[in-house]
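Per-entry structural report
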Amino acid sequence: MTMLTYTLFTDPAPLEASAAGRQSTGTVYLLVANSGNAAFSKITVTVPEGDGAGDLTPKSSAIKAKGECTDIKSGRTRSVAVRAQGSAFQVTEPGGGSISFGPGDYMVLTLANVTVALKPGLAVLGVTEVASRTAGAKRPNPSHTAVALVKAAPKEIPAPSNFRPEKSAVAAGKDIVLLWDGPDDLDYKILLPNGTEETVPAAPTGKQATGKDNKHKWSPGSDATKWATTYTLIARSRGARQQEYFLTTSVHLRNPTFNSVTTSWVGGPNSSDGRISFHTGGLQVHRDGSAELGNVLADNAFVNSVNTGYVQGKNAEDGRIGFHTGGLKVHRDQSEGLGDVTANGAHFGSVSTGWVGGSDSNAGGFTFPYGGVTVWSKLGSSEQGTVFADTADVSGVTTYKVVGKNADGGWITFPPGGMNVHQASARWGVVGALRFGVRSND
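Residues numbered from 1 in each chain as written. Predicted model: local features only at pLDDT ≥ 70, side-chain atom pairs only at ≥ 80, totals over all residues. Heavy atoms only, no water.

1. Some remarks on the overall build of the protein chain
- A count of helical and extended segments in the protein chain gives 0 helices and 32 strands.
- The C-alpha atoms of the protein chain give a radius of gyration of 57 Å, which is well past the 22 Å a tight globule of 442 residues would have.
- Counting across all 442 residues of the protein chain, residues that qualify as buried make up 26%.
- Within the protein chain, residue pairs in contact and separated by at least 24 positions form 52% of the contacts whose partners lie at least 6 positions apart.
- By element, 51% of the accessible surface of the protein chain is carried by carbon and sulfur atoms, the whole surface being about 30,000 Å². (Helix = DSSP H or I, 4+ residues; strand = E, 2+ residues; numbered from the N terminus. Rg over C-alpha atoms; globule rule 2.2 N^0.38 Å. Buried < 20%, exposed > 50% of the residue type's maximum accessible area, 1.4 Å probe, protein only. Contact = heavy atoms within 4.5 Å. Areas by Shrake-Rupley, 256 points an atom, 1.4 Å probe, with all protein chains shown as cover.)

2. Some words on the packing of aromatic side chains
- Taken as a whole and judged by the stated rule, the model has 3 aromatic pairs.
- Ring geometry for F163 against W180: centres 6.0 Å apart, planes inclined by 75 degrees, an arrangement best described as edge-to-face. Residue F163 is found in strand β12 (residues 161-165), and its partner W180 is found in strand β14 (residues 176-181); the two are separated by 17 residues along the sequence. No difference in accessibility class separates F163 from W180, as the two residues are buried.
- Aromatic pair W218 and Y231: ring centres 6.5 Å apart, planes at 70 degrees, arrangement edge-to-face. (Phe/Tyr/Trp six-rings, centres within 6.5 Å; stacked < 30°, edge-to-face > 60°.)

3. Some details on the pairing of strand β15 (residues 187-191)
- Along β15, the buried face is formed by Y188 and I190; none of D187, K189 and L191, which line the opposite face, is buried.
- Pairing of β15 with strand β16 (residues 197-199), which is carried by 3 bridges, proceeds in the antiparallel orientation. Opposite L191, over in β16, you have E197 as the bridge partner.
- Linking two consecutive strands that pair antiparallel, namely β15 and β16, is a turn of 5 residues; a positive phi of about 95 degrees is found at G195 within it. (Pairing = 2+ DSSP bridges.)

4. Observations concerning the side chain of S237
- Note that S237 resides in the loop between β19 (229-236) and β20 (244-253).
- Reaching out from S237, the side chain makes a polar contact with the backbone nitrogen of Q243 at a distance of 2.6 Å.
- When near neighbours in sequence (up to four residues on either side) are disregarded, S237 contacts I157, L186, Q242 and Q243. (Polar contact = N/O pair within 3.5 Å; in protein donor to acceptor, adjacent residues only side chain to side chain.)

5. Looking at unusual backbone geometry
- The linkage connecting D11 with the following residue, P12, adopts the cis geometry, with an omega of 0 degrees.
- Note that P12 resides in the loop between β1 (5-11) and β2 (15-16).
- The phi angle at N113 is positive, at roughly 60 degrees, despite the residue not being glycine.
- Inspection of the secondary structure puts N113 in strand β9 (residues 106-115).
- Look at N113 and you get partly exposed, because its relative accessible area is 38%.
- A positive phi angle, close to 55 degrees, is found at N162, a residue other than glycine.

6. Some points on the pairing of strand β22 (residues 275-279)
- Bridging between strand β21 (residues 265-267) and β22 involves 3 bridges; their strand directions are antiparallel. Paired with W265 across the strands is S277, a residue of β22.
- Two strands pair when backbone bridges link them, and β22 and strand β23 (residues 282-286) are joined in this way by 5 bridges, in the antiparallel orientation. Considered in β23, the bridge of F278 is made with L283.
- Taken together, β22 and the strand that follows it, β23, pair antiparallel across an intervening segment of 2 residues, in which G281 is found at a positive phi of about 85 degrees.

7. Quick word on the sheet that holds strand β31 (residues 411-413)
- Strand order in this open sheet of 3 strands is β30-β31-β32, and the pairing throughout is antiparallel. Both outer strands of the open sheet, β30 (401-403) and β32 (420-422), are each paired with one neighbouring strand and no more. Going from strand to strand, the sheet's axes swing by 15 degrees on average, the running direction of each strand aside. (Axes fitted to C-alpha atoms, helices over the stretch in contact; angles between N-to-C directions.)

As structure tokens, then:
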């Protein structure tokens, strides 16, 4: 029977056995208490090593051990020496002597970083104490006891969940951040839109960071995409019996950029909105989802050519230009009535017209009868008008009389066989010349 009392605790409680590809670790606390008189002891704790049901760990050398002894009267705690001996740990005073336990004193041996064996079961640790009630006893009595702990079967790994973007819609150039909940002992990858997979680092470095409550995040960077994109989270368990989980989420861009779009048509969000359809060699603008052609509204349009029946102003009463075989016609409105062309200048190879008039309704005009031109004082009247010119070069002039520019100027008439010179009145006028020669047959 041992002089001291031994009690075992674990964190977590109970310890969870490791699984293939998934390592479980924990901490074992051995409480050594003195419930009697003073005792002096050296204690050795042996850990069962292996992966069997009765083993604690397959690798005892990885355990980090320490011991602390507490004096119950003073409340002071001091460190004691712990020395590994294979799969056993011997606890002594720092100098190698026996540990002094007063009545009620206790010691805690901590075995940290324990990798738990694969098979669940009851693991029993062996304890050997070499103790006496007298300090410096030459032949203290060795005693043995056993303390046990439970290794529970490994829990099923929970599936990842709540895969989502931090912001469902982001502006171009801003970081896309994906979040999800899931255990740390799964391997995570992100399936990108181009079909490739990118591994999410397990450690909280680089693009991925693990926070509290098994929350994960990952970002492809600000230049990852220029249009709405669907990402797929792939989670795989470790070990021979591998499980896979797939979750998807979409991120929308407020101002997407497309390298190219292949579609039969593009329409507005409402059923009554116009749409553009794409046919061989071009496109058509429709009023809505029907085949009825609609309107194109733009500030400017630059095209190499336009084929159309007519061009008209924006209002129904505006003029329009119609295109017929060999030319065009200007209409007053949507009717067939001919309209006016107003321009600062016009350059034609030829003009065929019944008349040409001034811009004022009272202005004179020309008409073009067969073989010549008639000048009228006012279009629509029967009064012939006047031609004003600085010079006139003609092959011949046929006229009744020639008058000076002023009202009192003389005038010449052309009776048969000659001409008469008149003053402003009906009297004969005067012919003035530097030289004058007359030749007559009479």
